[in-house]
Amino acid sequence: MSLTIPLLLFIVLIALKTPVFSRRTSPDYFSHKTDVLPDHLSWLSNRRTSSEYSTHGTPRSGGRSSNKNPNIILVMTDDQDVELGSLNFMPKTLRILGEGGARFPNAYVTTPMCCPSRSSMLTGLYVHNHNVYTNNDNCSSLQWQQEHETRTFATYLSNAGYRTAYFGKYLNEYSGDYIPPGWREWAGLIRNSRFYNYTINMNGKKIKHGDDYYQDYYPDLIANDSVAFLRQSKQFFSKKPIMLVMSFPSPHGPENAAPQHQHLFHNITTHRTPSWDYAPNKDKQWLLRYTGKMEPIHMKFTDVLHTKRLQTLQSVDDAIEKLYNELKYLGELENTYIFYTSDHGYHLGQFGLVKGKSQPFEFDVRVPFLVRGPLVPKGVRISDIVINVDLAPTFLELGGIEPPKHMDGKSIFPLLKDAYEQFIKSKEVSKEVRPMRGWRDSFLIERGKLSKIYKDLYSLQTVKPMKKRQLIAGNCGKPEYSSPCKPYQMWECLHDGKRWRVRKCRNKKKKNCWCEDEDDGVFAEYTGRALDPQQQQSGRPADFLGIEGKKTMKPQERRLQRKFLKEHVNQGFRPIFIGSRRKREVLDSRSVEHFDVNGVIGLSHWLDFTVKDSEWSQANSSGGVVWFYEDDLGIGIPESEYSLDQHTGHKISVRSVSKLVQPSGYEPTFHAHGCVALSNNSVICVDPVYYDKKSWRMNKNQLDVVIKGLKSKLYELKGLRRQLKKKRPPSDEESSGYFTQVKDYPVTSGQRCHCADEEEQYSVKAWRTGKYEARQVARQQKEARLKKKEKKNRRKAKYKGFECNAAKMNCFTHDDEHWKTPPYWTYGPFCFCQNSNNNTYWCLRTINSTHNFLYCEFVTGFIIYFDLSSDPYQLRNAVYDLELFKLQDMRRQLNQLRRCKGTEECTIRCQLQDQERQEDYISSYSSKFSEQRRQHKQEKDRSLLSSNKRYQS
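Structure report, in brief. All chains use their own residue numbering, which begins from 1 and follows the written sequence. Since the coordinates come from a predicted model, pLDDT governs what is reported: local features require at least 70, and pairs of side-chain atoms require 80 or more to be given and counted, while whole-chain, interface and lining totals use all residues. The side-chain quantities take in all heavy atoms of the structure and omit both hydrogens and water.

Only runs of H or I of at least four residues qualify as helices and only runs of E of at least two qualify as strands under DSSP, and these elements are numbered from the N terminus. Helices and strands together make up the secondary structure of the protein chain, namely 27 helices and 26 strands. Relative accessible area decides the class of each residue, using a 1.4 Å probe on protein chains only: under 20% of the type maximum gives buried, over 50% gives exposed, and in between gives partly exposed. Buried residues in the protein chain amount to 50% of all 953 residues. Contacts are assigned to residue pairs that have any heavy atoms within 4.5 Å of one another. Pairs at least 24 residues apart make up 70% of the contacts formed inside the protein chain by residues separated by at least 6 positions. Accessible surface, the protein chain as shown: approximately 48300 Å² in total, 53% of it carbon and sulfur. Here, Shrake-Rupley sampling with a 1.4 Å probe gives the accessible areas, and only protein chains in the shown set may cover a residue.

Structure follows, in structure tokens:
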């Protein structure tokens with residue numbers, strides 16, 4: 001009898017076609033949802049009917065009826081590449097989605113890192129707008145949950161009537177303590193990708209899984225849960241469209257393949273592209289300049305890792321086939337859009353980097369992108385640019401929702417519709433779809449957040465001028481910043497007549513006294529703040545405001561110069577000693593071995609002061625001059641590389657862009673018929689100025705007028721400064737009697753000191769108490785850090801005697817115990833540093849009918865440029881091949897994208913057509929003045945001939 005009742009219940013459930021849940025699925029799998037279930041399944045949940053209102057409380061408009069809205073499925077892999085050929089080993093996916101749908105060969109991510117890229121997919125925002133910069137910084141943080149997670153595509157679609165479900169990896173730092181808003185069915189992985197021994201949040205309950213393949217292998221679990229969700233939705237909610245995300249951990253580490261796939265793809269070397277082990281790269285960023293060729297053990301590792309990655313993708317390939325068959329069986333295939341993509345690419349040995357991502361090159365930012373659906377022609381290639389921020393607005397438009405204006409991406413539904421119309425109207429079957437007119441041809445690639453050193457310096461440039469002044473003015477009202485300085489005061493605020501300035505207190509001469517220098521000018525305080533810390537330590541001169549600093553020289557050379565002057569110069573002459581400089585070498589810009597790194601950094605500084613068309617550059621000019629050097633990691637760069645005027649390439653010599661630092665407000669521009677003066681007294685001019693008398697005279701007269709006006713203005717300002725110094729009024733505190741007990745003590749000329757009376761000494765005790773408490777807190781924090789470090793060292797005890805670390809570098813170790821499934825690693829431990837702290841960059845990627853290039857600016861000031869039409873593997877930095885006006889135009893476009901918000905600002909359409917027109921303009925000018933120069937020469941020859949005839953007569 002005890003067995004009869006369960007058996008009868010099982011037969012009844014089969015007759016009612018109750019959905020069968022996947023392995024280890026909790027009975028509360030659908031416990032928190034709001035859909036109304038039939039009475040016989042009321043044990044699953046108490047549901048509420050979903051609202052027909054959008055996230056912001058406004059009724060849906062312009063959408064189709066819910067029974068006509070298509071189903072949407074997003075299949076996402078982790079770290080899958082295109083350049084290394086991984087998609088070619090997934091035949092089922094290529095057959096179902098590639099031949100049965102459309103392929104996008106120009107699909108990219110805006111940030112080649114897991115959490116930032118996934119956050120952009122969910123929100124449709126660039127990284128600089130959702131502020132998830134790295135896999136740790138702000139990833140699934142409280143700010144992300146409050147500001148951005150409530151506005152993902154899931155919340156919009158859920159409120160529009162979609163049944164939403166998420167299965168698989170979510171964000172790297174997802175803790176599993178909550179269910180993200182908008183998801184009705186939730187089975188998210190806690191933390192980073194794994195195949196065994198992981199924990200998931202199953203609709204609010206944490207479930208741990210072990211290492212049994214039949215119950216715990218995660219890719220199969222995601223596929224089974226997705227199929228169960230489709231069946232349940234079709235049976236009980238057939239009128240509701242679905243939004244399903246299948247986020248697989250493959251081919252991310254630890255690369256554990258299913259047992260039936262562990263014998264495949266041995267000795268496959270498609271990852272050995274022309275850039276494989278192409279190292280060192282003297283013409284690229286700091287990391288690649290100091291990354292040498294791989295050792296044999298590294299080469300073997302890339303081969304084995306490539307094999308294991310391909311093996312893990314076979315489970316995804318099987319899942320695509322299972323998904324396709326289930327949709328076909330349920331009759332929903334023709335009403336379902338299936339999107340297949342990855343969060344970013346990957347590299348295995350490219351440029352000597354053993355493994356990883358985070359680089360701006362094609363192998364890390366280019367991803368697979370396949371689409372199948374009702375209005376998608378089969379087997380076509382759509383060459384228009386698609387990026388990860390386009391997914392969210394695309395899903396909303398497919399769901400009948402107008403994409404909000406705050407999203408940076410664009411819906412690709414018009415591309416699919418245009419391709420379908422071309423396919424229908426075309427009499428000949430063509431696999432290539434013509435690019436859509438008006439679509440974007442450029443986008444932004446950005447990576448990383450500024451480190452603490454860069455953040456302190458770079459904040460001068462990124463804060464808008466008015467906001468920065470208001471912040472300083474607010475702080476200067478506090479008593480701890482009052483002027484003059486009190487005992488033990490660190491900073492004081494001074495008002496120069498226009499705005500507040502902050503400088504450090506100089507306590508000297510007497511105990512409990514503070515002194516101020518009457519001759520401390522704005523320039524000294526300005527340059528002291530603007531100097532790079534390495535310049536301050538090394539004593540290198542800076543060429544601020546166009547003033548050439550003195551060269552350091554050896555004492556022996558100074559003695560020789562003194563001896564020479566005593567013998568050959570009169571006594572009334574006062575010598576000024578300057579250091580000698582080696583003759584500038586003229587090198588071939590195409591030679592990678594002699595690539596001028598410092599010249600490129602100088603070129604970047606020149607762009608900082610010539611591109612003045614944006615708020616970004618205005619902030620640069622008002623925030624002070626900030627120098628960034630490549631050697632902020634403190635790792636053995638020769639001292640000679642600091643000198644910007646040595647070993648300069650030939651194009652930099654011609655353009656004279658070494659030490660290109662201009663004063664704030666000075667805006668040199670590049671004209672086709674004029675000149676531009678740079679800080680080192682060099683000038684760039686175009687030929688017409690030298691051959692056309694009218695143009696020459698006009699330029700000279702304009703310069704004379706400007707110089708005369710500036711001289712008179714400078715004379716006036718100096719007089720005003722002298723008068724203000726003589727008649728300096730007392731501050732508000734001094735006039736109100738706050739410092740009545742403070743006595744002035746005369747010191748040396750140009751200095752005034754103040755000392756406190758005895759009754760004010762009580763403040764010293766309070767100050768010391770505060771400092772003691774602060775030291776106690778700092779000591780506790782230090783102890784906590786040491787404990788954390790000891791724990792980390794204990795975890796790495798198995799690498800005893802095997803060090804793998806470098807200052808401010810991201811390094812990894814690998815040994816025989818790392819992989820728990822075949823094929824195993826049996827070649828011993830090794831270490832490799834795959835990333836650096838200064839690998840922060842912003843890039844402009846452009847693809848159209850005339851251009852195909854990558855232009856990047858690094859936080860160190862370094863610039864790279866690759867023309868992918870002639871150099872598809874980015875082997876040579878061609879920045880020296882560019883004209884100056886092209887660099888300026890790229891900088892303007894990059895600045896526009898770096899600060900853009902919304903679709904309109906973040907879409908650049910065929911901007912380089914203006915460059916072509918400018919090139920035509922300059923070429924026409926060149927031909928015109930070449931003709932004038934020829935006529936001028938002929939007239940000169942005729943006049944010379946006539947003068948000779950008169951002389952002979």
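Taken in spatial order, the 4 strands line up as S14-S24-S25-S26 in an open sheet, and their pairing is antiparallel. Two strands lie at the open edges of the sheet, namely strand S14 (442–447) and strand S26 (863–867), each paired on one side alone. Neighbour to neighbour, the strand axes of the sheet diverge by 15° on average, direction disregarded. Two strands form a pair only when DSSP identifies at least two bridges running between them. Taken together, the 5 bridges between strand S25 (residues 852–858) and S26 define a ladder with antiparallel strand orientation. When the bridges of S26 are listed, leucine 854 appears paired with phenylalanine 866. What counts as an axis is a line fitted to C-alpha atoms, over the stretch in contact for a helix, and the angles between N-to-C directions run from 0 to 180 degrees. Strands in contact with helix H26 (residues 884–898) are S14, strand S24 (841–847), S25 and S26; relative to S25, the strand with the most contacts, it is inclined by about 70°.

Burial analysis of strand S23 (residues 830–836) places 6 of its 7 residues in the buried class, the great majority of the element. By the bridge criterion, 6 bridges tie strand S22 (residues 809–814) to S23 in an arrangement that is antiparallel. Opposite asparagine 810, over in S23, you have asparagine 835 as the bridge partner.

Like charges are joined within 9 Å and nonpolar side chains (Val, Leu, Ile, Met, Phe, Trp, Tyr) within 5 Å, but only among residues with over 30% relative accessible area and no salt bridge; these make up the patches. Should a side-chain nitrogen of Lys or Arg be within 4 Å of a carboxyl oxygen of Asp or Glu, the pair is scored as a salt bridge. Only four residue types enter the charge count: Lys and Arg as positive, Asp and Glu as negative, with His and the chain ends excluded. Throughout, a charge is located at the NZ atom of Lys, the CZ atom of Arg, the CG atom of Asp or the CD atom of Glu. On the surface, a cluster of positive charge is made up of Lys718, Arg721, Arg722, Lys725, Lys726 and Lys727. Note that arginine 722 resides in helix H23 (residues 693–726). Relative accessible area serves as the criterion here: at 47%, arginine 722 is assigned to the partly exposed category.

All right, on to the state of the cysteines then. Cysteine sulfur atoms are paired as a disulfide whenever they fall within 2.5 Å. Tallied over the entire structure, the rule returns 5 disulfides. Cysteine 811 shares a disulfide with cysteine 833; S-S distance 2.0 Å. In this structure, the disulfide formed by cysteine 811 and cysteine 833 twists by about 85° around the S-S bond and is classed as right-handed. Remark: cysteine 833 occurs in strand S23 and cysteine 811 occurs in strand S22; sequence separation between them is 22 residues. Residue cysteine 114 stays outside any disulfide, its sulfur separated by 8.3 Å from that of cysteine 115, the closest cysteine.

Before going further, it helps to examine helix H2 (residues 91–98). For H2, the set of buried residues is Thr93, Leu94, Ile96, Leu97 and Gly98. Summarising the contacts, the buried residues of H2 are in contact with strand S2 (102–103), helix H10 (296–330), strand S9 (336–342) and strand S10 (369–372).

Strands sit in the order S7-S6-S5-S4-S8-S1-S9-S10-S2-S11-S13 across an open sheet of 11 strands; the sheet is mixed. Looking at which strands have only one partner, the edges of the open sheet turn out to be strand S7 (205–208) and strand S13 (432–433). One ladder, built from 5 bridges, connects strand S1 (residues 71–77) with strand S8 (residues 242–247); its direction is parallel. Looking at S8, one finds that methionine 76 is bridged to serine 247. Together, S2, S9 and S10 form the strand contacts of H2, whose direction differs from that of S10 by roughly 50°. Helix H12 (residues 391–398) rests against S1, S8, S9 and S10 of the sheet, and its axis sits at about 175° to S9.

Burial analysis of strand S5 (residues 185–189) places 5 of its 5 residues in the buried class, which makes it a mostly covered element. By the alternation rule, side chains of S5 split into Glu185, Ala187 and Leu189 and Trp186 and Gly188, which are all buried. Where strand S4 (residues 163–169) meets S5, 5 bridges bridge the pair, whose relative direction is parallel. Its bridge partner lying in S5, phenylalanine 167 is registered against alanine 187.

The next point concerns the pattern of salt bridges. Evaluated as defined, the whole model comprises 22 salt bridges. Its salt-bridge partner being arginine 118, residue aspartate 343 comes within 3.2 Å of it at the nearest N-O pair. Taken together, the positions of aspartate 343 in the loop between S9 and helix H11 (362–365) and arginine 118 in helix H3 (residues 114–123) put the pair 225 residues apart, joining distant regions of the chain. The shortest N-O distance in the salt bridge between aspartate 283 and lysine 284 comes to 3.5 Å. Residue aspartate 283 shares its accessibility class with lysine 284, and that shared class is buried.

Here we take up the packing of helix H19 (residues 597–610) against H26. Contact pair H19 / H26: the axes reach a minimum separation of 10 Å and the direction vectors enclose 70°. When the axis of H19 is compared with that of H26, the two are roughly perpendicular. Crossing geometry of H19 relative to H26 is assigned as right-handed. Residue-level contacts link Leu603, Ser604, Trp606, Leu607, Asp608 and Thr610 of H19 to Leu884, Leu887, Gln888 and Arg891 of H26. Just so you know the grouping, Ala, Val, Leu, Ile, Met, Phe, Trp, Tyr, Cys and Pro go in nonpolar, Asp, Glu, Lys and Arg go in charged, and all remaining residues, Gly too, go in polar. Among the residues forming the contact of H19 with H26, the class breakdown is 5 nonpolar, 3 polar and 2 charged. Any angle from 65 to 115 degrees is called roughly perpendicular, while one under 35 is roughly parallel, one over 145 is roughly antiparallel, and all others are oblique. Each crossing gets its hand from how the near helix is turned against the far one by less than a right angle, where anticlockwise is left-handed and clockwise is right-handed.

By convention a nonpolar core is built from buried Ala, Val, Leu, Ile, Met, Phe, Trp, Tyr and Cys residues, the set being connected through side-chain atoms within 4.5 Å. Counting residues in hydrophobic clusters, the biggest one holds 120 residues, and the most contacted among them are Phe104, Phe153, Phe339 and Tyr855. Examining the composition of this core, we find that 6 residues originate from one element, H19, more than from any other. Setting aside anything within four residues of it in sequence, one finds phenylalanine 153 in contact with Met121, Leu122, Trp183, Met243, Val245, Ala392, Phe395 and Leu396.

To estimate the expected span of a helix, count its residues, drop one, and scale the result by 1.5 Å. Compared with an ideal rise of 1.5 Å per residue, which puts 15 residues at 21 Å, H26 spans 21 Å between its outermost C-alpha atoms and is within 8% of the ideal. Within H26, 12 of the 15 residues are buried, which leaves it mostly tucked inside the rest of the structure. Among all positions in H26, only Leu884, Phe885, Leu887, Gln888, Asp889, Met890, Arg891, Gln893, Leu894, Asn895, Leu897 and Arg898 are buried.

This brings us to the side chain of aspartate 317. By the secondary structure assignment, aspartate 317 is in helix H10. Here aspartate 317 is buried and forms no salt bridge, its nearest opposite-charge partner lysine 92 lying at an N-O distance of 5.3 Å. Each residue touching aspartate 317, except ones within four places of it in the same chain, is listed here: Met90, Pro91, Lys92 and Thr93.

This part covers the side chain of serine 604. Position of serine 604 among the secondary structure elements: in helix H19. Side-chain polar atoms of serine 604 contact the backbone oxygen of glycine 861, separated by 3.3 Å. For serine 604, the residues in contact, after removing those within four places along its chain, are Gly861, Ile863 and Arg891. Any N or O atom pair separated by 3.5 Å or less is treated as a polar contact, with the protein-specific requirement of one donor-capable and one acceptor-capable atom, and with residues adjacent in sequence counted only for side-chain atom pairs.

Looking now at the environment of glutamine 470. Turning to its location among the elements, glutamine 470 is positioned in helix H15 (residues 465–476). With a relative accessible area of 53%, glutamine 470 lands in the exposed category. C-alpha of glutamine 470 to C-alpha of tryptophan 500: the two residues are 30 residues apart in sequence and 9.3 Å apart in space.

Everything listed is a geometric property; what it means functionally is a separate question.
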